[in-house]
Amino acid sequence: MKSKSFEGFMKGIFIVSAMMSILAIILICYFIFAGGIPFIAEYGVKGFLLGTEWKPSNNPASFGILPMILGSVYVTIGAIIIGVPIGILTATYLSKFCGDKLYRVLKPSINLMSGIPSIVYGFFALTVIVPIMRNLFGGTGMNIVTASILLGIMILPTIIGMSEASIRAVPQSYYEGSVGLGATHERAIMTVVLPAARSGILSSVILGIGRAIGETMAVILVAGNQARMPKGILKGVRTMTTNIVIEMAYAADQHREALIATAAILFIFILIINATFLIVKRRSAN
Amino acid sequence: MSKVIRYAVKISAFLTFGILFFIIGYILFRGIPHLTPSLFSLKYTTENVSLFPAMITTILIVALTLLIATPIGVFTGFYLVEYAKKGNKLVEIVRIATETLSGIPSIVYGLFGMLFFVIRLGFQYSLIAGTLTASIMVLPLIIRSTEEALMSVDDSLREASFGLGAGKLRTIFRVVLPVAMPGILSGVILAIGRVVGETAALMYTLGTATKIPNGFFSSGRTLALHMYLLSTEGMHVNESYATGVILLIIVLMINSLSTYLSNRLMKGR
């Protein structure tokens, strides 16, 4: 029968397909690291990571990315401060407070929220949040707080989706036991159900951090993008991601290598965040 | 205390959905009046800033991306669920690879695409470079939804098929795949959404040319890129809103379709 060899052939195709994602990740690591690490080695790890001056067109040029690292870290912290409490409480609402009918409308809305392109969020922030910030605090309105609010909104669906699932996964008996002991509905949820779901909630937050630190096109529109040390939360910043996009268009030679090196550092941040996420997820699965 | 918690929860939910509906309402409200016929002119000029070429480019890149990523993703799912034995090393590695891929920010994909496809392979800014980059990006999404859909198929169906003498392949394509189809499709549809909304990964791979690409090695811009470029130029705010409306409409359609399909999958169980 021809089918025997055909079966083997197709199985081979399936295995080759499965290897594709491994190949992709190897290629990505190779091109980002091989393009970036030689530059870092040549320029000096300390000078690159802790240098406070990013002046690619000076002679000699200086390529310190500390301002961008701090920029990324600050807007991410801001996004967490804004997005995490609202996200977790909304997840609590969806899983424990809202009726079935309402849920059938709200749940798809969360999916919709995660499907809205980041450029639409960015444009919305540019035309709505930036003018408000300008009126409130003066200046251009493009600063750490604006970027944090925008990112805080953008990570909501990530946090809500995963937190809700993990809150729902807590056995009903936890809640019933707590209520049986005299706790109110709210108290049982806050002191028993949420703590039991904490590792799932924690992984949603880690995923949110990854989203926030990797976001590019929306942040460009509202962060100001000044490549200097952040001087306050109402001052403009540039993040690692935006640094790459803004300057890649015209960068050449050493400047370009410095940008690839920036991507390598960003990639290392992401790999650490991913690994943390996987560890927390594995632990919660056990 | 209970009252405080109840209010905090309700206010948060109100904020979340309030913001969402405000964003959608605001973009629609400001954009719909500017959806003029000249925005849909066949040719882009600096006066009409037509989004028509960008629409065609978006359709092209979505179609090509699906053409590449869907078979690879679905076949990977077949291998992981139907063939690999428990504790298989390759499966572990593929899982880690796809989970890592799904966490990589789009700008890193973009830079990789530029370094590999555009420069190393010499594709220039082109439809093909953009498509290949986007394909890698959506691969984990399709793999995961295929895996979940296949795992939700009842084992007794497979056993019945084997029992009737069907081979493994026949069982997968004739018995398992039809049942898992809605789940796989909803993943594919999410992938469409991801490509439609993508900017950072395409800017330095697909490029930003304003015309419709006239071949695989020709540059273009998608709607999302078009909107980004219009918003940074700052000259065509109204046209940006209008482009936003088109993007939102596409996303709304994609989401309703995917919700519908996953509901069907749930009912089928």
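Bear in mind the structure is a predicted one, so any value in this text is a computation, not a measurement.

**As for the interface of chain B and chain A**
- Taken together, the contact between chain B and chain A spans 69 residues of the former and 64 residues of the latter.
- For the side of chain B that touches chain A, the leading source of residues is helix α1 (residues 2-31) of chain B, giving 16 residues.
- Taken together, the residues of the side of chain B that touches chain A sort by class into 48 nonpolar, 17 polar and four charged.

**Things to note about unusual backbone geometry**
- Here the bond from A:Asn59 into A:Pro60 is cis, since omega is -5°, no more than 30 degrees from zero.
- Position of A:Pro60 relative to the elements: it lies in the loop between β1 (54-55) and β2 (62-63).
- Of note in the backbone geometry, A:Asn225 takes a positive phi value of approximately 70° without being a glycine.
- One can find A:Asn225 in the loop between α10 (217-222) and α11 (240-248).
- On the basis of neighbour counts, which here come to 19 C-beta atoms within 10 Å, the residue A:Asn225 falls in the partly exposed class.
- One non-glycine residue, B:Gln124, adopts positive backbone phi at about 60°.
- Counting through the fold element by element, B:Gln124 comes out in the loop between α4 (106-120) and α5 (127-151).

**Description of the packing of helix α6 (residues 144-168) of chain A against helix α9 (residues 198-214) of chain A**
All names here are of chain A.
- At a minimum axis distance of 8 Å, the contact between α6 and α9 shows a crossing angle of 155°. When the axis of α6 is compared with that of α9, the two are roughly antiparallel. Considering the relative orientation of α6 and α9, their crossing is right-handed. Residues Leu 151, Met 154, Ile 155, Thr 158, Ile 159, Met 162, Ser 163, Ala 165 and Ser 166 of α6 lie in contact with α9, whose contacting residues are Gly 200, Ile 201, Ser 203, Ser 204, Val 205, Leu 207, Gly 208, Arg 211 and Ala 212.

**Quick notes on the confidence of the model for chain B**
- Chain-level pLDDT for chain B is 92 on average; 98% of the residues reach the 70-or-more range.
- Scored as a complex, the prediction yields pTM 0.93 and ipTM 0.92.

**A word on the environment of B:Pro71**
- Tracing the backbone through its elements, the reader meets B:Pro71 in helix α2 (residues 52-83).
- Spatially, the C-alpha atoms of B:Pro71 and B:Leu139 are 9.7 Å apart, while their sequence positions differ by 68 residues.

Scoring rules and cut-offs
Residues numbered from 1 in each chain as written. Chains lettered and ligands numbered in written order. Predicted model: local features only at pLDDT ≥ 70, side-chain atom pairs only at ≥ 80, totals over all residues. Contact = placed C-beta atoms within 7 Å. Helix = DSSP H or I, 4+ residues; strand = E, 2+ residues; numbered from the N terminus. Nonpolar A, V, L, I, M, F, W, Y, C, P; charged D, E, K, R; others polar. Buried ≥ 20, exposed ≤ 12 C-beta atoms within 10 Å, placed from the backbone. Axes fitted to C-alpha atoms, helices over the stretch in contact; angles between N-to-C directions. Parallel < 35°, antiparallel > 145°, perpendicular 65-115°, else oblique. Left-handed = near helix turned anticlockwise from the far one by under 90°. pLDDT = per-residue confidence, 0-100.

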